[in-house]
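Fold and geometry: a report
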Amino acid sequence: MTPVFADPDSTRVGFAKSILESAGIESFVQNENTRTLGPKMFGFSETMLNEPQLCVVDDARAEEAAALLREHFGSASDAGEWICAGCKESNPGSFEECWKCQAAKPE
Ligand SMILES: [Zn+2]
């Protein structure tokens, strides 16, 4: 599975999921229910742990999904994709940290 969208507002994540569903792309939301897990346990900020992420089940369709979401959330992803300094993985502009190694998005 590949995360394609993240937003602190779970309503937007749910909307993104419905966009992918209507395109026949299977996806699921992770982090949706972590609010009850005691976010201070590991010293992370609540935001980091609780930001819902939309993940595409079929990795092969992740790019298609990301493109679809860019169309719908154009203004939110103006920054475009960024490359992680730690692991060289590309991340959607809406991600504040690397989906792979959790390194912070470069300024
Ligand atoms: Zn990384």
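Coordinates for the structure precede this section.
To keep things clear, this report deals only with the structure shown in the data block. (Residues numbered from 1 in each chain as written. Predicted model: local features only at pLDDT ≥ 70, side-chain atom pairs only at ≥ 80, totals over all residues.)

The next thing to look at is the sheet that holds strand β3 (residues 53–56). As summarised here, the arrangement of the three strands in space is β1-β3-β2, forming an open sheet in which the pairing is antiparallel. Of all the strands in the sheet, the pair left with one neighbour each is β1 (2–6) and β2 (27–30). This sheet shows a mean twist of 35 degrees between the axes of neighbouring strands, independent of strand direction. Across four bridges, β2 lies against β3 in antiparallel orientation. Counterpart to Phe-28 in the pairing with β3 is Cys-55. Running at roughly 10 degrees to β1, helix α3 (residues 62–72) makes contact with β1, β2 and β3 of the sheet. (Pairing = 2+ DSSP bridges. Helix = DSSP H or I, 4+ residues; strand = E, 2+ residues; numbered from the N terminus. Axes fitted to C-alpha atoms, helices over the stretch in contact; angles between N-to-C directions. Contact = placed C-beta atoms within 7 Å.)

The backbone of Lys-88 sits at a positive phi, close to 65 degrees, despite the residue not being glycine. For Lys-88, a count of 10 C-beta atoms within 10 Å translates into the label exposed. If you check the backbone angles, Gln-102 has positive phi at about 65 degrees while not being a glycine. (Buried ≥ 20, exposed ≤ 12 C-beta atoms within 10 Å, placed from the backbone.)

As a further point, take the environment of Val-4. Within the secondary structure, Val-4 sits in strand β1. In this structure Val-4 touches Leu-54, Cys-55, Val-56, Ala-62, Ala-65, Ala-66, Leu-69 and Pro-92, once residues within four positions along its chain are discounted.

Turning next to helix α1 (residues 10–22). With 13 residues, α1 should reach 18 Å at 1.5 Å per residue; the first-to-last C-alpha distance of 18 Å fits that figure. All buried positions along α1 are accounted for by Val-13, Ala-16, Lys-17 and Leu-20. All buried residues of α1 project into a common sector of 100 degrees when viewed along the axis, lining one side. The exposed set on the far side of α1, more than 90 degrees from its buried face, consists of Thr-11, Ser-18, Glu-21 and Ser-22. Among the structural elements, β1, β2, β3 and α3 are those in contact with the buried residues of α1. Backbone geometry just after α1 places Gly-24 at a positive phi near 80 degrees. (Expected span 1.5 Å × (residues − 1). Arc of directions from axis to C-beta.)

The subject of this paragraph is α3. Along α3, the residues classified as buried are Ala-65, Ala-66 and Leu-69. Down the axis, α3 shows its buried residues gathered within 100 degrees of arc, on one side only. Across α3 from its buried face, at more than 90 degrees, point the exposed residues Glu-63, Ala-67 and Glu-71. Summarising the contacts, the buried residues of α3 are in contact with β1, α1, β2 and β3.

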